[in-house]
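Chain residues, written in single-letter form:
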Amino acid sequence: MGIVRPHLWFDDQAASAARFYADVIPNTVIHSITTAPPGTPGVAEGAEFIVELTIDGMRVTFLNAGPVFTLDEAFSFVLDCQDQAEVDHYWETLTADGGRPSQCGWLVDKFGVSWQVVPVQLDDVMSRPDADGVARAMAAMLTMGKLDIAGLEAAYRGG
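So, how was this worked out
- In this numbering scheme, every chain counts its residues from 1 along its sequence in written order.
- Selection of residues for local features in this predicted model requires a pLDDT of at least 70, selection of side-chain atom pairs for listing and counting requires 80 or more, and totals for whole chains, interfaces and linings are taken over all residues.
- With hydrogens and water excluded, all non-hydrogen atoms of the structure serve as input to the side-chain values.
- For every residue, the accessible area (1.4 Å probe, protein chains only) is compared with the maximum for its type, and the residue is labelled buried under 20%, exposed over 50%, or partly exposed between those bounds.
- Elements are defined by DSSP. Helices are runs of H or I of four residues or more, strands are runs of E of two residues or more, and each kind is numbered from the N terminus.
- At least two bridges found by DSSP between two strands are what make those strands a pair.
- Working definition: a ring pair exists when centres of Phe, Tyr or Trp rings (six-membered ring for Trp) sit within 6.5 Å. Plane angles under 30 degrees give stacked, over 60 give edge-to-face, the rest tilted.
- The rule is short: NZ of Lys or CZ of Arg within 6 Å of the ring centre and within 35 degrees of the ring normal puts a charge over the ring.
- Think of the arc as the fan of directions from the helix axis to the C-beta atoms.
- Any two residues having at least one pair of non-hydrogen atoms within 4.5 Å are treated as being in contact.

A.B. asks: Which residues make up the pairing of strand 4 (residues 58-64), and what values do they have?
C.D. replies: Most of strand 4 is tucked away: five of the seven residues are buried. Across four bridges, the pairing between strand 1 (residues 7-10) and strand 4 is parallel. Looking across to strand 4, one finds that Trp9 is bridged to Leu63. In textbook terms, the turn of a hairpin is the stretch between consecutive antiparallel strands, and for strand 3 (residues 48-55) and strand 4 this stretch comprises two residues, one of which, Asp56, has a positive phi near 45°.

A.B. asks: Any chance you could break down the packing of aromatic side chains for me, citing the residues and the numbers?
C.D. replies: Following the criterion strictly, the structure yields nine aromatic pairs and no others. Residues Tyr21 and Phe62 carry aromatic rings whose centres are separated by 6.0 Å and whose planes lie at 80° to one another, so their mutual orientation is edge-to-face. Residue Tyr21 is found in helix 1 (residues 14-24), and its partner Phe62 is found in strand 4; the two are separated by 41 residues along the sequence. Grouping residues by exposure puts Tyr21 and Phe62 together as buried. Relative to Phe111, the ring of Tyr21 has its centre 6.1 Å away and its plane inclined at 75°; by these criteria the two rings are edge-to-face. Here Tyr21, found in helix 1, pairs with Phe111, found in the loop between strand 7 (106-108) and strand 8 (114-119); they are 90 residues apart in sequence, far enough to count as distant. By the burial criterion, Tyr21 is buried, and Phe111 matches it. Members of the aromatic cluster, each reached through a chain of ring pairs, are Phe10, Phe20, Tyr21, Phe62, Phe75, Phe77, Phe111 and Trp115. One residue, Lys110, lies across the ring of Phe20, its end atom 4.5 Å from the ring centre. Taking NZ or CZ as reference, Arg128 lies 4.9 Å from the ring centre of Tyr156, over its face.

A.B. asks: Let's hear about helix 5 (residues 149-157): which residues, and what values?
C.D. replies: All buried positions along helix 5 are accounted for by Ile149, Leu152, Glu153, Ala155 and Tyr156. Along the axis of helix 5, the buried residues cluster in a sector spanning 165°; they form a single face. Away from its buried face by more than 90 degrees, helix 5 exposes Ala150 and Arg157. On its buried face, helix 5 is in contact with helix 2 (84-95), strand 8, helix 3 (121-126) and helix 4 (131-143).

Shown next as structure tokens:
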């Protein structure tokens, strides 16, 4: 069987996005950047066209192909964070320079790529046996932009 991997369509920022992620996300490597041959729709000859990269161990292809299609929140990368400091770091980094926060840990970065910045503690809180506590934590999460571990824990406890 072949390998399943995401393929994201950009207007003209595929290589810039790949370089940014290589700087920001550990274990991210750009493998190749192919330039557009003559006659490529939506891309000037010789412009950066196809970017092959691995983002934290996952093969991904980025394509510059003009504004025909746009990225949206229907597709997102989930970035699991070990603690609040990691959540804060990635939230600030990915919303900087034109990114925009959303709710429940979601954001859109400056390239239009959607991310879920999620503390690993969220799964723990949401899988605990106290259904009322889980409901309170869920209600709290729905009011948050950037997820706050202490706030989720407090809501679960009823505080």
